[in-house]
Amino acid sequence: MAATRLLELADVEELTDLLRQNREFLRPWDPVRPDEFFTEAAQLDIARAALAAHDGGTMVPLVILTRAGGLAGRLNLNGIVRGALQSAAMGYWVAEAENGAGLATAAVAEAVDLAAGSLGLHRVQAETLVHNTASQRVLAKNGFSQFGVAPKYLKIAGEWQDHLMFQRILEP
Ligand SMILES: CC(C)(COP(=O)(O)OP(=O)(O)OC[C@H]1O[C@@H](n2cnc3c(N)ncnc32)[C@H](O)[C@@H]1OP(=O)(O)O)[C@@H](O)C(=O)NCCC(=O)NCCS
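So, a few notes on the structure that sits alongside this text. Not measured: the values here are computed from a predicted model.

### What to know about the pattern of salt bridges
A complete count under the given rule lists 6 salt bridges for this structure. The residue R5 makes a salt bridge to E8 at a minimum N-O spacing of 3.8 Å. Of the residues examined, R5 reaches a relative accessible area of 27% and is grouped as partly exposed. In this structure, R33 engages D30 in a salt bridge whose closest nitrogen and oxygen atoms are separated by 3.7 Å. Judged by its relative accessible area of 29%, R33 is partly exposed. Overall, D30 belongs to the buried group, its relative accessible area being 16%. Three or more residues are tied together by salt bridges with common partners; here these are R5, E8 and D11.

### Side note on the sheet that holds strand 7 (residues 159-169)
Pairing within the open sheet is mixed, and its 7 strands lie in the order 1-2-3-4-5-7-6. Both edges of this open sheet fall to strand 1 (4-6) and strand 6 (145-156), since each of them pairs with a single strand only. Neighbouring strand axes in the sheet, compared pairwise and without regard to direction, differ in orientation by 30 degrees on average. Looking at chain direction, strand 1 and strand 2 (residues 60-65) are connected through 3 bridges and run antiparallel. Within the sheet, the bridge partner assigned to L6 lies in strand 2 and is L62. Here helix 4 (residues 103-116) sits on the sheet and contacts strand 1, strand 2, strand 3 (71-81), strand 4 (87-94), strand 5 (123-129) and strand 7; the angle it forms with strand 3, its principal contact strand, is near 30 degrees.

### With respect to the packing of aromatic side chains
Going through the model one piece at a time under the given rule, you end up with 1 aromatic pair. Between F37 and F38, the ring centres sit 5.1 Å apart and the planes meet at 80 degrees, which makes this aromatic pair edge-to-face. When its relative accessible area of 8% is taken as the criterion, F38 is described as buried. Over the aromatic face of F37 sits the side chain of R33, whose NZ or CZ is 4.3 Å from the ring centroid.

### Considering the side chain of T105
Looking at the secondary structure, you find T105 in helix 4. Filtering out sequence-adjacent residues up to four positions away, T105 remains in contact with V138, K141 and N142.

### Quick word on the environment of R23
On the secondary structure map, R23 appears in helix 2 (residues 23-26). Along the sequence, R23 and L119 sit 96 residues apart, while their C-alpha atoms lie 32 Å from each other. When residues no more than four places from it in sequence are discounted, the contact partners of R23 are R33, P34, D35 and F38.

Parameters and conventions
- Throughout this description, residue numbers start from 1 for each chain and increase along the sequence as written.
- Given that this is a predicted model, residues contribute local features only at a pLDDT of at least 70 and side-chain atom pairs are listed and counted only at 80 or more, while totals for whole chains, interfaces and linings are drawn from all residues.
- Calculation of side-chain values draws on the structure's entire complement of heavy atoms; hydrogens and water are dropped beforehand.
- Whenever Lys or Arg places a side-chain nitrogen within 4 Å of a carboxyl oxygen from Asp or Glu, that contact is recorded as a salt bridge.
- Partly exposed residues are those whose accessible area sits between 20% and 50% of the maximum for their type, while under 20% is buried and over 50% is exposed, using a 1.4 Å probe and protein chains only.
- Strands pair, by our definition, only if DSSP identifies at least two bridges between them.
- Runs of H or I in DSSP of at least four residues are treated as helices and runs of E of at least two as strands, each being numbered from the N terminus.
- Comment: axis = line fitted to C-alpha atoms, over the contacting stretch for helices; angle = value between 0 and 180 degrees taken between N-to-C directions.
- In this description, contact between two residues means that some pair of their heavy atoms is separated by no more than 4.5 Å.
- Stacked, tilted and edge-to-face pairs are distinguished by plane angle, under 30 degrees for stacked and over 60 for edge-to-face with tilted covering the rest, among Phe, Tyr and Trp rings (Trp via its six-membered ring) whose centres lie within 6.5 Å.
- Whether a charge lies above a ring is judged from NZ of Lys or CZ of Arg, which has to be within 6 Å of the ring centre and within 35 degrees of the ring normal.

Don't take any of this as a statement about function, it's just geometry.
Below, the structure is given as structure tokens:
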């Protein structure tokens, strides 16, 4: 059973429920989300924009699946850049109730295969908050290595926070 598949508009209702259930869990790791973010209308707009970006070749929006095939979270390959860089920036989350079952690790493995395979990219980048040891473990298990520290890199939970930068070079 695959750990991921492409996001579909039909996922939006279940995904919105999952986001509502995990609002407090995700709060320390996400940008500040207005109440409107947790509505189906907003999630539909976000999904439509993501699928349009996918059509344009700049993004791959995936859902992360439970072993039974339900929705467990999301993984994006964002900002796909071609030319001399050939890179994507990866972000992901897994619902609290599904944590610790290896779902993020399996999803990242599939995203890396996609990036190296049909996307033909040279590298995948990911960044974590300095104290996000679970995410760092997911990346380490998938062969990512740290290449730097970016001061005040992303505004997470309302604060510009330092991030550890990771990458996996996809060529042998
Ligand atoms: C980080 C996250 C994606 C992990 O999802 P998951 O499905 O539980 O991940 P996995 O089960 O594949 O692997 C988690 C690993 O981290 C380890 N881990 C979990 N919590 C940990 C902690 N507090 N300290 C150290 N390691 C931890 C687990 O033991 C496991 O490693 P192991 O297989 O060697 O035992 C999930 O917790 C999440 O969505 N967090 C909030 C959002 C987020 O941080 N996204 C990533 C932003 S960079």
